[in-house]
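# Architecture at a glance
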Amino acid sequence: MAKPAVIVVGADKGGVGKTTVSRTVLDYFNANNIPTRAFDTESPRGTLMRFHPDITQIVDVTSTSDQMKIFDTLNSSGTSVTVIDVRAGLLSPTLAALRDIGFLDAARSGQITFAVFHILGPSIASLDEIAETANFMDGAKYFLVKNFINNTSFFEWDQATYNSYFHRIKNATEITIPKLNEMAYEQVEVASVPFLKFVANKGTKDEPANYSFVLRGYVRHWLGNVWGEFDRIKLTEIVGSKDKSNTSRAPTSEI
Amino acid sequence: MRRTPVYIICSPRPAVGKTLIARALTEFLVLQRGKVIAFDINLREPSLLNYLPRITETAAISDTFGQMALMDRLIVNDNVPKVVDLGFHAFDDFFKMIAEIGFMKEADRRGVDPIVLFIPDRDRASIVAWTMLRETFPNAAIVPVENEHVLWGELPAAFGRVRPFRVAALPAFLKSIIGRLNFSFTHYLRDNKDQSSELHQWVRTNYTRFRELELNLILHKLG
């Protein structure tokens, strides 16, 4: 069995699209037949849980019992990839907790694959977050995600300042999530299904649905672009999927 | 189940006869199939809606609501042919949108046959747009329309590899007759007893060519 991989998706700021990115990652692994489980730290509500209820558990990542639930089962869960959607404000505390339990050391020694998707917001505070988060990134794959899905303009950023932060971090990779048509995004929210099911015109229990063809088309096109980014960073290889030549198939209306 | 044709009459250029051809085709389809829905996406040109108000709906593609209202109906295989009269202002946005949402591929899967009737003139914009369409939709039925009144000669060489749909020019006085809002091609065929008249032959020839076009596309699909 491949060594376990943990992907943390987070930001210290709220409303920057952490759960949206987590959803695209789960859809990507689903399309590539990589068994995945997810933990939603937005206790007790759980937005990720709403879209991927079959593979998601709600946890409080700061509690010891829930940390055990996540990390003591990495080898025994039957899934090779664990995605943790960290709620706003908890990224740095979560990384600190991972350091304290020795998880980061295990990642550094190659026993575990560890990747962080750090979702950046438009404010200058995000740049400070990068510096703070970078302290924990030795041994991890660090991805800085510029999320344009909600039309973020990153207006407060001075590119030179951003570059100075970006280049300070060894092996950081930038990912861009493009904008999705607002109405299409809203419709997926209302449907409460994974993006992939929406494209395939299916409801929560795989029953035939009646979503707009236009909106499904926009989601398919957008999801294809997002997956293109994941292909670019070789996400399946990072999590140790055996078929390294395999790139994701495009989202299709037939699943 | 029988497949549903969706004709898209288009050009990146104004005043090349889009609405005329959309009118003639819509009337032909009414005669042939009994029912047609036409969509008028013209912002500033003479409008199909003015000629065939009972079977024509206006459509807009500038926002997502309008796109849904139009495309969610064009994608349905309901055995009712659709005709889209696409104004030149909307040309780029329309084809960009249908490429993005994957209309051509999904239409084929659902038993809908999009047929693009492209009306060029001698302007470079026509060749650029034609090339774009052929590259963006390599497997789609895209037919150039050789409108004699616009080209006054053969199609430019860039269109040479595809057999065009030919429309003969009419004398000015006959053009003024068919330009009347209450003129109907089918009623004219039925009511005018002089089958040798130029207009009678013009309408009949076009109807025959529409039928041939449909047959050719069916044979092409079967082959």
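From a predicted model like this one, the values you see are computed outputs, not experimental measurements.

### Some points on the overall build of chain B
- When you go through chain B residue by residue, the secondary structure sums to 10 helices and 7 strands.
- On C-alpha atoms alone, chain B measures out to a radius of gyration of 17 Å, which is about the 17 Å that the 2.2 N^0.38 rule sets for 223 residues.
- Principal axes of the C-alpha set define a box for chain B whose edges measure 50 × 40 × 40 Å.
- A buried classification covers 37% of the 223 residues belonging to chain B.
- Taking the intrachain contacts of chain B between residues at least 6 apart in sequence as the baseline, contacts between residues at least 24 apart amount to 71%.

### Looking at the overall build of chain A
- Of regular secondary structure, chain A possesses 11 helices and 7 strands.
- The proportion of buried residues among the 255 residues of chain A is 44%.
- If you take every contact in chain A between residues at least 6 apart in sequence, the share linking residues at least 24 apart comes to 76%.

### Here we look at the sheet that holds strand S6 (residues 141–147) of chain A
Residues and elements named next belong to chain A.
- One open sheet holds the 7 strands; their spatial order is S3-S2-S4-S1-S5-S6-S7, and the pairing between them is parallel. In this open sheet, the two edge strands, each paired with only one partner strand, are strand S3 (56–58) and strand S7 (172–177). In this sheet, adjacent strand axes meet at a mean angle of 20° when their direction is disregarded.

### Quick notes on the interface of chain A and chain B
- Contact residues are listed per partner, giving 11 residues for chain A and 10 residues for chain B.
- Per element, the largest residue contribution to the side of chain A that touches chain B is 7 residues, and it comes from helix H10 (residues 213–232) of chain A.

### Considering the environment of Trp202 of chain B
All names here are of chain B.
- Within the fold, Trp202 resides in helix H10 (residues 198–222).
- Placed 17 residues apart in sequence, Trp202 and Phe185 show a C-alpha to C-alpha distance of 9.8 Å.
- Excluding anything up to four places from it in sequence, Trp202 contacts Ala168 and Leu170.

### Section: the sheet that holds strand S5 (residues 112–118) of chain B
Residues and elements named next belong to chain B.
- Strands sit in the order S3-S2-S4-S1-S5-S6-S7 across an open sheet of 7 strands; the sheet is parallel. Pairing within the sheet leaves two strands with one partner each, and these edge strands are strand S3 (56–58) and strand S7 (165–167). Strand-to-strand twist of the sheet, defined as the mean angle between neighbouring strand axes without regard to direction, takes the value 20°.
- Strand direction decides the pairing type here: strand S1 (residues 4–10) and S5, joined by 7 bridges, are parallel. Bridged to Thr4 within S5 is Val112.
- Helix H1 (residues 18–33) rests against S1, strand S2 (37–41), strand S4 (82–86), S5, strand S6 (141–147) and S7 of the sheet, and its axis sits at about 170° to S4.

### Some points on helix H1 (residues 18–31) of chain A
Residue and element names in this part refer to chain A.
- Helix length check: H1 (14 residues) gives 20 Å between terminal C-alpha atoms against 20 Å at 1.5 Å per residue, within 8%.
- When you tally the buried positions in H1, you get 12 out of 14 residues, the bulk of the element.
- Looking only at H1, the buried set comprises Lys18, Thr19, Thr20, Val21, Ser22, Arg23, Thr24, Val25, Leu26, Asp27, Tyr28 and Phe29.
- Looking at the residues trailing H1, positive phi occurs at Asn33, about 55°.

### What to know about the confidence of the model for chain B
- Averaged over all residues, the pLDDT of chain B is 93; the fraction at 70 or higher stands at 98%.
- Confidence estimates for the predicted assembly give a pTM of 0.87 and an ipTM of 0.85.

### Looking at helix H6 (residues 124–136) of chain B
Residues and elements named next belong to chain B.
- With 13 residues, H6 ought to run about 18 Å at 1.5 Å a step, and its terminal C-alpha atoms sit 18 Å apart, in line with that.
- Along H6, the positions that sit buried rather than exposed are Ser126, Ala129, Trp130 and Leu133. Down the axis of H6, the buried side of the element spans an arc of 105°, and every buried residue falls inside it. For H6, the exposed residues set more than 90 degrees away from the buried face come down to Arg124, Val128, Thr131 and Glu135.
- Turning to H6, the residues buried within the fold contact helix H4 (91–100), S5 and S6.

### Focus: the packing of helix H8 (residues 182–191) of chain A against H10 of chain A
Residue and element names in this part refer to chain A.
- Here H8 crosses H10 at 100°, and the two axes come no closer than 9 Å. Taken together, the axes of H8 and H10 are roughly perpendicular relative to one another. Across the interface between the two elements, Met183, Ala184, Gln187 and Val188 of H8 pack against Leu215, Tyr218 and Val219 of H10.
- Partitioned by chemical class, the residues of the contact of H8 with H10 number 6 nonpolar, 1 polar and no charged.

### Section: unusual backbone geometry
Residues and elements named next belong to chain B.
- Of note, the phi angle at Ala15 is positive, near 55°, even though the residue is not glycine.
- In this structure, Ala15 sits in the loop between S1 and H1.
- At Asn79, a residue that is not glycine, the phi angle is positive and equals roughly 65°.
- Residue position: Asn79 is located in the loop between helix H3 (64–74) and S4.
- With 13 C-beta atoms counted inside 10 Å, the residue Asn79 sits in the partly exposed group.

### A few points about the packing of H1 of chain A against H10 of chain A
All names here are of chain A.
- Direction vectors running N to C along H1 and H10 enclose 80°, while the axes themselves pass 10 Å from each other. One way to sum up the angle between H1 and H10 is to call them roughly perpendicular. Counting all contacts with H1, which are made through Thr24, Asp27 and Tyr28, the residues of H10 involved are Leu223, Val226, Trp227 and Phe230.
- A per-class count over the contact of H1 with H10 returns 5 nonpolar, 1 polar and 1 charged.

The rules we used
- Residues numbered from 1 in each chain as written.
- Chains lettered and ligands numbered in written order.
- Predicted model: local features only at pLDDT ≥ 70, side-chain atom pairs only at ≥ 80, totals over all residues.
- Helix = DSSP H or I, 4+ residues; strand = E, 2+ residues; numbered from the N terminus.
- Rg over C-alpha atoms; globule rule 2.2 N^0.38 Å.
- Buried ≥ 20, exposed ≤ 12 C-beta atoms within 10 Å, placed from the backbone.
- Contact = placed C-beta atoms within 7 Å.
- Pairing = 2+ DSSP bridges.
- Axes fitted to C-alpha atoms, helices over the stretch in contact; angles between N-to-C directions.
- Expected span 1.5 Å × (residues − 1).
- pLDDT = per-residue confidence, 0-100.
- Arc of directions from axis to C-beta.
- Parallel < 35°, antiparallel > 145°, perpendicular 65-115°, else oblique.
- Nonpolar A, V, L, I, M, F, W, Y, C, P; charged D, E, K, R; others polar.

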